[in-house]
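Chains, contacts and geometry: an overview
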Amino acid sequence: MEPFLLGLLRHRVEKRQMSDLSSSSGTRRHFLKGATTLAGGVLATPFLSRRAFAQPVELTMLAWYGHAEPDVVAAFEAEHNVKFKPKYYTGGDNMLGLIAQSPPGTFDVILSDAEYVQQLNAAGYIEELDPEDYHFNEYFPEFQQFPGHWQDGKLFSVLTRFGFLGVAYNTDALTEAEASSYNVYWSEKLTGKVGHFDWHLPNLGQISLLQGNPSPYDIDEDAWDALQEKMMTLRPQIGGFFDYGGTFSSLQNGQMLAMAGIGDWITGTLEKNGAKVRSVIPEEGGLQWTESFSIGKGSAKADLAKQWIQYITSAQGQVKSATMAAYPALIPNRAGWELLATEDPAEAKRQGMVLDNPNNAVEMIRKGRIQYRQLPVQQSLEDWNDFWSDYKGA
């Protein structure tokens, strides 16, 4: 029920009660009769239900910022009498740490980057899911059996959104042609004006592509050594390492003229709000970040968590996800593309989610222009983490 109607009804009940109790001619029978009549009217009103009077059920979510904000969850909350309680993180390592420090059942819904799903599963942090519960028949084929989300034929996470990482740049400082190679980071006019989103995986992955590694995270020791050497030559160009908020502000105010490790998930939001920034997939190719929802192990509200994942991966929920105010994204549900093209054709075109466009986002994947971001294959995650720390301190 709308808050206004609830308030009005409550006011009328209280007013009727006070009037009946204070009237010199009123009796207990008169009061009960009036209350019963009003209650009968409430129960007969089509849009009122007992659930509307109940306290909302709290559903906890561990996620990147924005996923539990009103523009995404309000419709689901209203329909299911739910109130999300989010815990936001930045980066998969931070996410794993938060779960490890929390008792089982703390998080009902967990949003993770796809490369961390296997770690969540191996640690016993997420529940097995029934694929029949979800909208895979509406997904593009590339996303129906997404790597790492399944183990031994069992499903543990549902892909909900993705995006591409390339060169983010200030359009007053660089042309699209100049930004169409990772080599632009070494440009003299960008000295001290190149920023890093402070996470090793996307940054090292991009320069690995520049080094000519077709699988940027599956490299041997010689290639790993060469990647580290190349990164160190970039260090004098770097003006800062930024978290989520700092990345936004440093691009918006011109403190940084180029940013490594990000893409339209940052610049798209800024561009829509008038900032002179944009992202481009360079000639060396781009990376794909992927976000997926799982149900936390031991959740007491697993059924409600399942309903949330069903909603956000439906066509309607996918449009909410694609246009999320915190940061936009591409979506894997083809029906979601069709609905977005109807409801917001300009955004569908801006993000490359137009089905008859031969260069749309899915076609870029099919043409081999995009590689999935993943954990290192031939080195340990600690090796990459340790180098990143050394690089930042250099």
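Residues numbered from 1 in each chain as written. Predicted model: local features only at pLDDT ≥ 70, side-chain atom pairs only at ≥ 80, totals over all residues. Heavy atoms only, no water.

1. Side note on the side chain of His200
Considering the arrangement of structural elements, one finds His200 in helix H7 (residues 200-210). If we ignore the near neighbours within four places in the chain, the residues touching His200 are Asp93, Gly205, Leu381, Trp384, Asn385 and Trp388. (Helix = DSSP H or I, 4+ residues; strand = E, 2+ residues; numbered from the N terminus. Contact = heavy atoms within 4.5 Å.)

2. Considerations on the packing of aromatic side chains
Following the criterion strictly, the structure yields 34 aromatic pairs and no others. Aromatic pair Phe136 and Trp150: ring centres 6.0 Å apart, planes at 45 degrees, arrangement tilted. Taken together, the residues Phe136 in the loop between helix H6 (117-122) and strand S4 (150-151) and Trp150 in strand S4 connect sequence positions 14 residues apart. Overall, Phe136 belongs to the buried group, its relative accessible area being 11%. Among the aromatic residues, those joined into a cluster by ring pairs are Trp64, Tyr65, Tyr88, Tyr89, Tyr116, Phe197, Trp199, Tyr244, Phe248, Trp265, Trp289 and Tyr327. Over the ring of Tyr327 we find Arg161, and its NZ or CZ is 4.8 Å from the ring centre. (Phe/Tyr/Trp six-rings, centres within 6.5 Å; stacked < 30°, edge-to-face > 60°. Buried < 20%, exposed > 50% of the residue type's maximum accessible area, 1.4 Å probe, protein only. Lys NZ or Arg CZ within 6 Å of the ring centre and 35° of its normal.)

3. Examining the nonpolar core
Residues Phe84, Met95, Phe143, Phe164, Tyr185, Trp265 and Trp308 are the most contacted members of the largest nonpolar core, which totals 114 residues. Among the elements that make up this core, the one with the highest residue count is helix H11 (residues 302-312) (6 residues). (Core = buried A, V, L, I, M, F, W, Y, C linked by side-chain atoms within 4.5 Å.)

4. Here we look at unusual backbone geometry
With phi around 55 degrees, Asn81 is a residue other than glycine that occupies positive phi space. One can find Asn81 in the loop between helix H4 (70-80) and strand S2 (82-89). Judged by its relative accessible area of 16%, Asn81 falls in the buried class. With a phi angle near 55 degrees, Asp152 is a residue other than glycine that sits in the positive phi range. Relative to the assigned elements, Asp152 resides in the loop between S4 and strand S5 (154-155).

5. Some remarks on the pattern of salt bridges
Within the structure shown, the criterion is met by 14 salt bridges. Two residues, Asp113 and Arg373, come together in a salt bridge whose shortest N-O distance is 2.9 Å. Of this pair, Asp113 sits in strand S3 (residues 109-113) while Arg373 sits in the loop between strand S13 (370-372) and helix H16 (381-393), and the two are 260 residues apart along the sequence. Arg373 shares its class with Asp113; the two are buried. Residue Glu127 pairs with Lys297 through a salt bridge whose shortest N-O separation is 3.6 Å. On the criterion of sequence distance, the pair formed by Glu127 in the loop between H6 and S4 and Lys297 in the loop between strand S12 (286-295) and H11 is long-range, its members being 170 residues apart. Owing to a relative accessible area of 35%, Lys297 belongs among the partly exposed residues under this scheme. Salt bridges sharing common partners tie together Asp264, Lys272, Glu347 and Arg350. (Salt bridge = Lys/Arg side-chain N within 4 Å of Asp/Glu carboxyl O.)

6. Details of the sheet that holds strand S7 (residues 167-170)
Here 5 strands make up an open sheet; going across it, the order is S9-S8-S10-S7-S11 and the pairing mixed. With one partner strand each, in any of the chains shown, strand S9 (238-242) and strand S11 (277-280) form the two edges of the open sheet. Taking each pair of neighbouring strands and ignoring which way they run, the sheet shows an average axis angle of 25 degrees. Here 3 bridges tie strand S8 (residues 194-197) to strand S10 (residues 258-260), and the two strands are oriented parallel to one another. If you follow Gly195 over to S10, its bridge partner there is Met259. Strands in contact with helix H10 (residues 264-272) are S7, S8 and S11; relative to S11, the strand with the most contacts, it is inclined by about 145 degrees. Sitting on the sheet, H16 is in contact with S8 and S9, with an inclination near 135 degrees to S9. (Pairing = 2+ DSSP bridges. Axes fitted to C-alpha atoms, helices over the stretch in contact; angles between N-to-C directions.)

None of this, on its own, says anything about what the molecule does.
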